[in-house]
Amino acid sequence: MERRINQLQDLLKSEGIPAFYVSNPYNIRYLSGFTGTSAKVLVSQEKAYIITDFRYREQAEKQCQGLEVVVAGGSASQDSPLAFIQRTLSQACYDKLAFEDEDVSVAAYMALDEALDVELIPFSGAIEVLRQFKDDEEIALIEKACDIAVETYDFMLNTVKAGMTEIELANAIDFHMRSLGASGVSFETIVASGLRSAMPHGVASHKVIEQGDLITVDYGCYYQGYCSDMTRTFALGDPGDKLKEIYAIVQEANRRVSEVARPGLTGQELDAVARDYIRQAGYGEAFGHSLGHSFGLEIHEAPNASPSYDEELQAGQLITNEPGIYLEGIGGVRIEDDLLLTKDGNRILTPASRELIIL
Ligand code: ZN
Ligand code: ZN
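This write-up is about the structure you can find in this document. (Residues numbered from 1 in each chain as written. Chains lettered and ligands numbered in written order. Predicted model: local features only at pLDDT ≥ 70, side-chain atom pairs only at ≥ 80, totals over all residues. Heavy atoms only, no water.)

## Looking at the coordination of the zinc ion (ligand 1)
- At the metal site, the zinc ion (ligand 1) is ligated by Asp218 (OD), Asp218 (OD), Asp229 (OD) and Glu336 (OE), and these contacts range over 2.0 to 2.6 Å.
- Here the donor residues of the zinc ion (ligand 1) share one chain and are spaced in sequence as D-x10-D-x106-E.
- A distance of 3.1 Å spans the gap from the zinc ion (ligand 1) to the zinc ion (ligand 2), which aspartate 229 bridges by coordinating each metal. Here aspartate 229 lies in the loop between strand S11 (226-227) and strand S12 (230-235) and aspartate 218 lies in strand S9 (residues 214-219), a separation of 11 residues in the sequence.
- Look at aspartate 229 and you get buried, because its relative accessible area is 3%. (Donors = N, O, S within 2.8 Å, 3.2 Å for Na, K, Ca; no water. Helix = DSSP H or I, 4+ residues; strand = E, 2+ residues; numbered from the N terminus. Buried < 20%, exposed > 50% of the residue type's maximum accessible area, 1.4 Å probe, protein only.)

Written out as structure tokens, the structure reads:
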């Protein structure tokens, strides 16, 4: 964690910002390793503090290396968190404090403004930029979250039966991921069967899964704070020629993206690899979402692979590869993998079969 604090301090120095009040819980976890629910972080150019209440003192002391633990607020302390911050800023003669304007509510901003005698500087997005580049420790946790998703694909193929509802299958998937060490799901599991598979984000419903259904499952888990995100589409009995045709197109679009994804391509260019192929196959209109997004502590992070994202992708970033085709009244297909961009290409973290499996 100290390396992350140091990186942020370098940024504060280059921006001329004396201190930064961090309130976004994901950013707090990223900087400090703290997994509790009640804390704020204050990073100055020289020091870093985690401010929490007496319930979390011991946990913060164990988890947060490189930060001084400050207990403030609650009946055990005379100091409020903002009183501590004001005193610290005054002692250092700082007259400015950066804060995360995209995270702070109007009420919280008014409280900051009232309690602090400094200029408040909106400074959102800085830690999110650091978070785009995953270090070895983060990659190891994400790999584990992806392994759990891959293993769960086999489980679901062995578990799904005609007559089950989508919710029953989703529950079985969620429980299985927890049994493999996940702390929870990274988002509500999507199970979309039959005609519902034409809905890109059809959260599991009471619909009964029937013979002949094509089933799209988009799911992932949290492992020690980090996510995975994977989609597979499979069939229970023959889904018919039309759906087999679009499956083959989506599979090829996904394959082409994994083949070329590398640092130096923009998010736009990577998106176009799938989009151009699907358009040439005659289904451009039916691929109505972007190709991919990054993830980590949160399920959606920058960078993105979309028609409007013109920044270059870089080594150490993650990007999902999730082309899809959705035909209303017929059904839909999506295949999603998680890619880690490496120096000269990428590594697929979700190497489960992408062939059309007909059970
Ligand atoms: Zn997904
Ligand atoms: Zn995704």
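## Section: helix H10 (residues 267-280)
- With 14 residues, H10 extends 20 Å between its outermost C-alpha atoms, agreeing within 8% with the 20 Å of an ideal straight helix rising 1.5 Å per residue.
- The principal kink in H10, of about 30 degrees, is found at valine 273.
- Burial in H10 covers these residues: Gly267, Leu270, Asp271, Ala274, Arg275, Tyr277 and Ile278.
- Against helix H9 (241-260), strand S14 (301-305), strand S15 (318-321) and strand S16 (324-327) lie the buried residues of H10.
- Backbone geometry just downstream of H10 places glycine 282 in the positive-phi region, at approximately 100 degrees. (Expected span 1.5 Å × (residues − 1). Bend = angle between axes of the 7 residues up to and from the residue. Contact = heavy atoms within 4.5 Å.)

## Focus on the pattern of salt bridges
- Evaluation of the coordinates by the stated rule reveals 24 salt bridges.
- Close ionic contact of glutamate 301 with lysine 134 constitutes a salt bridge, the shortest N to O distance being 2.9 Å. Of this pair, glutamate 301 sits in strand S14 while lysine 134 sits in the loop between helix H6 (126-131) and helix H7 (136-159); the two residues are 167 residues apart in sequence, bridging distant segments of the chain.
- The buried category is assigned to lysine 134, whose relative accessible area is 7%.
- The salt bridge involving arginine 354 is made with aspartate 337; its shortest N-O contact spans 2.6 Å. (Salt bridge = Lys/Arg side-chain N within 4 Å of Asp/Glu carboxyl O.)

## Here's the deal with the packing of H9 against H10
- Orientation of H9 relative to H10, taken along the N-to-C sense of each, is 155 degrees, at an axis distance of 9 Å. As far as their axial angle goes, H10 and H9 are roughly antiparallel. Along this stretch, H9 crosses H10, giving a crossing that reads as right-handed. Where H9 abuts H10, its residues Ile249, Glu252, Ala253, Arg256, Val257 and Val260 lie against Leu270, Val273, Ala274, Tyr277 and Ile278.
- Class assignment of the residues belonging to the contact of H9 with H10 gives a composition of nine nonpolar, no polar and two charged. (Axes fitted to C-alpha atoms, helices over the stretch in contact; angles between N-to-C directions. Parallel < 35°, antiparallel > 145°, perpendicular 65-115°, else oblique. Left-handed = near helix turned anticlockwise from the far one by under 90°. Nonpolar A, V, L, I, M, F, W, Y, C, P; charged D, E, K, R; others polar.)

## As for the sheet that holds strand S6 (residues 119-122)
- Read from one edge of the open sheet, six strands run S4-S3-S2-S1-S5-S6, paired in mixed fashion. Since the sheet does not close on itself, it has two edges, and those belong to strand S4 (68-71) and S6, each with one partner. Here the strands of the sheet are splayed against their neighbours by 25 degrees on average, with no regard to which way each runs.
- Note that strand S3 (residues 48-52) and S4 share four bridges and pair parallel. Pairing of isoleucine 50 across the sheet is with valine 69, part of S4.
- Contacts between helix H4 (residues 81-91) and the sheet are confined to strand S1 (19-22), strand S2 (39-44), S3, S4 and strand S5 (96-99), with S3 contributing the most and set at about 160 degrees to the helix.
- Strands S1, S5 and S6 of the sheet are contacted by helix H5 (residues 106-115), whose axis makes an angle of about 145 degrees with S6. (Pairing = 2+ DSSP bridges.)

## Side note on the sheet that holds strand S10 (residues 221-223)
- The strand order across the open sheet formed by three strands is S7-S10-S11, and the pairing between neighbours is antiparallel. In this open sheet, the two edge strands, each paired with only one partner strand, are strand S7 (184-185) and S11.
- Pairing between S7 and S10: two bridges, direction antiparallel. Bridging across to S10, valine 185 finds its partner in cysteine 221.

## Notes on the coordination of the zinc ion (ligand 2)
- Within the protein, the zinc ion (ligand 2) binds to Asp229 (OD), His293 (NE2), Glu322 (OE) and Glu336 (OE); these donor distances fall in the range 2.1 to 2.2 Å.
- Considering all four donor atoms around the zinc ion (ligand 2), angles at the metal cover 78 to 153 degrees and the coordination shape is irregular.
- All donors of the zinc ion (ligand 2) belong to a single chain; written as a sequence motif, their spacing is D-x63-H-x28-E-x13-E.
- What makes glutamate 336 buried here is its relative accessible area of 0%. (Tetrahedral: all angles 85-135°; square planar, octahedral: opposite > 155°, others 65-115°.)

## Section: the packing of aromatic side chains
- The full count for this structure, using the stated rule, is five aromatic pairs.
- Both rings, one in phenylalanine 34 and one in tyrosine 56, keep their centres 5.6 Å apart while their planes meet at 85 degrees; by these two values the pair is edge-to-face. In this pair, phenylalanine 34 is assigned in the loop between helix H2 (25-32) and S2 and tyrosine 56 in the loop between S3 and helix H3 (57-63), connecting sequence segments 22 residues apart.
- Take tyrosine 56: its relative accessible area is 14%, and that puts it in the buried class.
- Across from the ring centre of tyrosine 223, 5.8 Å away, lies the NZ or CZ of lysine 144, which sits over that ring.
- Between the NZ or CZ atom of arginine 275 and the centre of the ring of phenylalanine 287, over which it lies, the distance is 4.1 Å. (Phe/Tyr/Trp six-rings, centres within 6.5 Å; stacked < 30°, edge-to-face > 60°. Lys NZ or Arg CZ within 6 Å of the ring centre and 35° of its normal.)

## Here's the deal with the environment of leucine 236
- By the element assignment, leucine 236 lies in the loop between S12 and H9.
- The sequence separation of leucine 236 and aspartate 154 amounts to 82 residues, and the corresponding C-alpha distance is 14 Å.
- Contact partners of leucine 236, with chain neighbours within four places excluded, come to Val160, Lys161, Ala162, Ile209, Glu210, Gln211, Gly212, Asp213, Ile215 and Leu359.

## Re helix H1 (residues 2-15)
- Relative to the 20 Å expected for 14 residues at 1.5 Å per residue, H1 spans 20 Å between its end C-alpha atoms, a close match to the ideal helical length.
- Buried within H1 are the following residues: Arg4, Ile5, Leu8, Gln9 and Leu12. Taken around the axis of H1, the buried residues stretch over an arc of 140 degrees, which confines them to a single face.
- Positive phi appears at glycine 16, one or two residues downstream of H1, with a value of about 70 degrees. (Arc of directions from axis to C-beta.)

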